[in-house]
Amino acid sequence: MMISELSPEYHRPPPHAAHLTDLARVVADVERYDAPDPSPPEKLAADFRRVLTNLGSAATSLTDPCRLQIWKLATRLWNAVVDRANSAALARGPSARAAEAEIRQAAPELLLLAGCPDEVPLAAAKAASFFLRAGQEWLDLGRVDLATACFEKATPLVSAPAAEEERDVLLGLNLARARAASDAGDQSLAVALLGRSKPLASASPKGTRSLAEGYLSVGEAALSAKPSDPAVGASSLITEALDLFEKLPSPSPSSASPKTPNLQQQKGRCLRYLALERLEAKDHEGVLRCVQVSRASVGQANEHPSMGFMALHAWLGTGNLAEAERELERIMANANAPENVCVGAAEVYLASAGSEAARKVLVALAARCRAGGAAAAVRVVTTVVDGGIGSPGRARAIGELVSDERVVALFDGPANTSHRRAMHTLLWNCGFEHFNAKNYDICADLFETSMLYLSREDGSRVRRAQCLRVLAVCYLALKRLDRAHEFVNEADKIKIHLQKNDEDEAIKQIKTMMGCIDFNPSSLMLTTHEAIACKAVRVAVASLTFLLGLYSPGKPMPEREVTVLRTLIELLCREQGTEDEILKYSRRAKLRMSDLGVEDFFGNGPVGTRELNWFAGNCWNMGRRVAKEQKYDLSAEFFELAAEFFGGASNDEGDGNRPTLCKALIMSVTSMLQAEELNNSPLSDSDVKKGVEMLSRAGKLLPSIWPSVSVASDQAEANNFMFLHTFYSYQLLDRMDTSAHPQQLQLVKNFASSKACTPSHLLKLGKAASEGTPPNLLVAEFSLKASIKTALASHSPNYRVISAALRNLACLAGLQDLSGSKSDAVYDVYRQAYQIMVGLRDGEYPCEEGQWLAVTAWNKSYLARRLNQASVGIKWMKMGLDLSRHVESMKQYTADMEQCLEYFQKLFHSEAGEHALLGKNPDECSQQEGAPSTSMSGSMSQPVLV
């Protein structure tokens, strides 16, 4: 009789019963940490990896009682992990801590595998909180990648919080993800995550404080980053933190602890970092505002010494020496200020205040720096000397400064021998410099003062004798020293006379007059003035044209050539259709400027500057006028001439023309390219080279076009010109061979680091780079990544720009790696998109872009399956499924996608087991001859706790 017949109610236990028993045994091992021979953490971590793999393969067949049992065991495990963390008996080495963190993560992994039973209240929030604390443990260990994976697994569990506990967990997740992104160097993603946390944090003071601390932490990281990221403004982040701290009610003093600084301390930190950021930006008024608010909040008695130091810098930057001196006195009186801060403050102050204030500051510094008074005095005097001793007044002040008996007394004692020798050498060198300059009265004072720092020992006798000999020479020389200086100024004046004349007959009379033997060119000037008075423009133009033909080197003329050209162009501007003539005479003016020089042609002083600026401005206005009429050929030449004239002005005292010079160069190249497109005639190689040179010249002047006063219209215009410069520079370099690709990359990097850069600009540059012939993949990749980063770091991220950049970046990554499903670069882009989408509200990320990501990720698994790369195919299927869960229009397909993924995973595991029996790699077996082409053969990597 068979056993089954003896026991008809007998049923075989479910396949996962053994797995639960195994799990209970491993949890018990974790709880026995205080046993005589506990299991090592590394072994326990390996046991949990095995248990999770086994339970994962049977996850779909778990019954509700089994799921509840897993929840109980996971909760026991979590409590045991907490007890282990509080125990002092366990090892705390790096490998042991990592293993303990892996054991800790096993608890939320079990909860995620078991799902959310109805018997457990707020099950999703509890699982997410376990993931949050496990991720924070990984962060403390410096494993940002593992921490980020924990946070991303937890976020979907509470993405639509209803209860207060769920909102608190989601807030904690967002802040933890921001910290992880900041630690990884992705400050823009950190800023975006902090922005998502604002609605959640506003519900409670605790949440507001946590968010403020998050903003402060990311702001500190952005401030300390070198080079700084222009997309992430440290000032705005720290200001946001300060605003949030200001909203909190003031707690009682007893609630503060060393681990949790009180509110005033946190505000003080914000203000210090804001002051530091403003000081680096040379915004001295901003620094002073921060200092004023800090002192009003915490008081001067309790302020950090660095605030006084920054206030000193700011007052010096504004030129207010009186306030700077008061700040220096506060620093000296602050008992908490270190000596190096006091010395540094004195050196900074003296570098600006000059030697007049040196004595008072040096005496105060000597009284403050007890141990290093002599060394401090040498440093201060060195700073004064380095500031220049060429003037007699400054040299005398140095002598009076170091001859003060209180300063000399600092150098007493054998311990200051080296400092005495340094001070003597310093004064000797100053005196010798004036001796060479024959300033004998000054050098005599300095040599005599230097003897105060010579000891009476035998070793100093040689130096003392040397000083006496030099002093004798100085006093002898003073008896015959006599000098005087004189200056003469001259100026020239020009007189202009006006008369009248008539039209066609007048032109003939002009020609006849020019043929007379006694013809004088002055007659043409009289004729011109009379024609202008009669509004006979044609006569005036003809007269001036004839006059221009008479100019030759060395020939005396009634009027300067530049005046004749200016008057002629002014007259032509009044007529229609004279653009070619205006251009002709503008070219002549530019040619004469090149031949004779700016001053010889236009004149000296303000008169010459006005003449030059007139030609520059007229060419600029003509360029704009003909550009509106789509006469781009003429527009390009006018702007080029304007640039030449503005450049001539910049060589003299016309630095105010530098912004317009830069714009003229950019507009000239812009018109060249628009003319090429309008006329459908490619630019010649020489024109391309000229355009590159013009834009290169403009690039050096770009900082000058930024408005000194923040006016929205001016700033938008400056942004536009900076983008045009970058865009057209890239296009012209694209006409060259591929050796210009590094230049293009550097060009775009420079633009990305400027204030003018916007995510939309970077997106356009990325598209242009990817669509070039051939495309510049490095520039495209950099531009698109920078566009995403800059957009994420903004206060209100434009997810339409971000999504478009991600789509282009995904296509670009696929273009770089034609191996399809094996492309790590492509997968990284989809992974980044998933990180951005996690936690967003429905519809915040463009639906069509999210759907494109999900569909293309899922479809990429097809090629991998055809190539028998099962593990890669499953990876892409998981990515497509994860993305579809965050796209409203794709949620109807997620169930079918999950079934498909589960089917292929089972098929993969079954084939992997068969190949393991043969001792072969599954991928290799699937590619052997005779293997079916539709197989999902491949190796499934063992799950790890990430």
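Worth saying up front: this structure is predicted, and the values here are computed from it rather than measured.

## Points about the side chain of Glu277
Consideration 1: By secondary structure assignment, the location of Glu277 is in helix H12 (residues 263-280).
Consideration 2: A distance of 3.4 Å separates the side chain of Glu277 from the side chain of Ser235, its partner in a polar contact.
Consideration 3: The residues contacting Glu277, other than those within four sequence positions of it, are Leu223, Ala234 and Ser235.

## Observations regarding the pattern of salt bridges
Consideration 1: For the structure on display, the rule yields 40 salt bridges.
Consideration 2: Of the charged contacts, one joins Asp47 and Lys43 as a salt bridge, the two residues approaching to 3.0 Å between their closest N and O atoms. Here the residue Asp47 and the residue Lys43 both occupy positions in helix H3 (residues 41-57), the gap between them amounting to four residues, near one helical turn.
Consideration 3: A residue is classified by how much of its surface remains accessible, and Lys43, at 41% relative accessible area, is partly exposed.
Consideration 4: The shortest N-O distance in the salt bridge between Glu579 and Arg625 comes to 3.8 Å. Residue Glu579 is located in helix H28 (residues 579-596), and its partner Arg625 is located in helix H30 (residues 605-628); the two are separated by 46 residues in the primary sequence.
Consideration 5: Judged by its relative accessible area of 6%, Glu579 falls in the buried class.

## Focus on the packing of aromatic side chains
Consideration 1: Taken as a whole and judged by the stated rule, the model has 14 aromatic pairs.
Consideration 2: Geometrically, the ring pair formed by Phe723 and Phe727 is tilted, given 5.6 Å between the ring centres and 35° between the ring planes. Residue Phe723 and its partner Phe727 are both found in helix H34 (residues 712-734); the two are separated by four residues, about one turn of the helix.
Consideration 3: Phe723 gets classed as buried once you look at its relative accessible area, which sits at 8%.
Consideration 4: Ring plane angle 80° and centroid distance 5.3 Å describe the contact between Tyr827 and Trp876, whose orientation is recorded as edge-to-face. With a gap of 49 residues between them, Tyr827 in helix H39 (residues 824-837) and Trp876 in helix H41 (residues 870-884) connect regions that are remote in the sequence.
Consideration 5: A relative accessible area of 0% places Trp876 in the buried class.
Consideration 6: One aromatic cluster is present, built from ring pairs that chain together Phe601, Phe602, Trp614, Phe615 and Phe645.
Consideration 7: In this arrangement the basic side chain of Lys875 is found over the ring face of Tyr827, its NZ or CZ atom lying 4.4 Å from the centre.

What counts and how
- Residues numbered from 1 in each chain as written.
- Predicted model: local features only at pLDDT ≥ 70, side-chain atom pairs only at ≥ 80, totals over all residues.
- Heavy atoms only, no water.
- Helix = DSSP H or I, 4+ residues; strand = E, 2+ residues; numbered from the N terminus.
- Polar contact = N/O pair within 3.5 Å; in protein donor to acceptor, adjacent residues only side chain to side chain.
- Contact = heavy atoms within 4.5 Å.
- Salt bridge = Lys/Arg side-chain N within 4 Å of Asp/Glu carboxyl O.
- Buried < 20%, exposed > 50% of the residue type's maximum accessible area, 1.4 Å probe, protein only.
- Phe/Tyr/Trp six-rings, centres within 6.5 Å; stacked < 30°, edge-to-face > 60°.
- Lys NZ or Arg CZ within 6 Å of the ring centre and 35° of its normal.

Bear in mind that shape data such as this cannot, by itself, settle questions of function.
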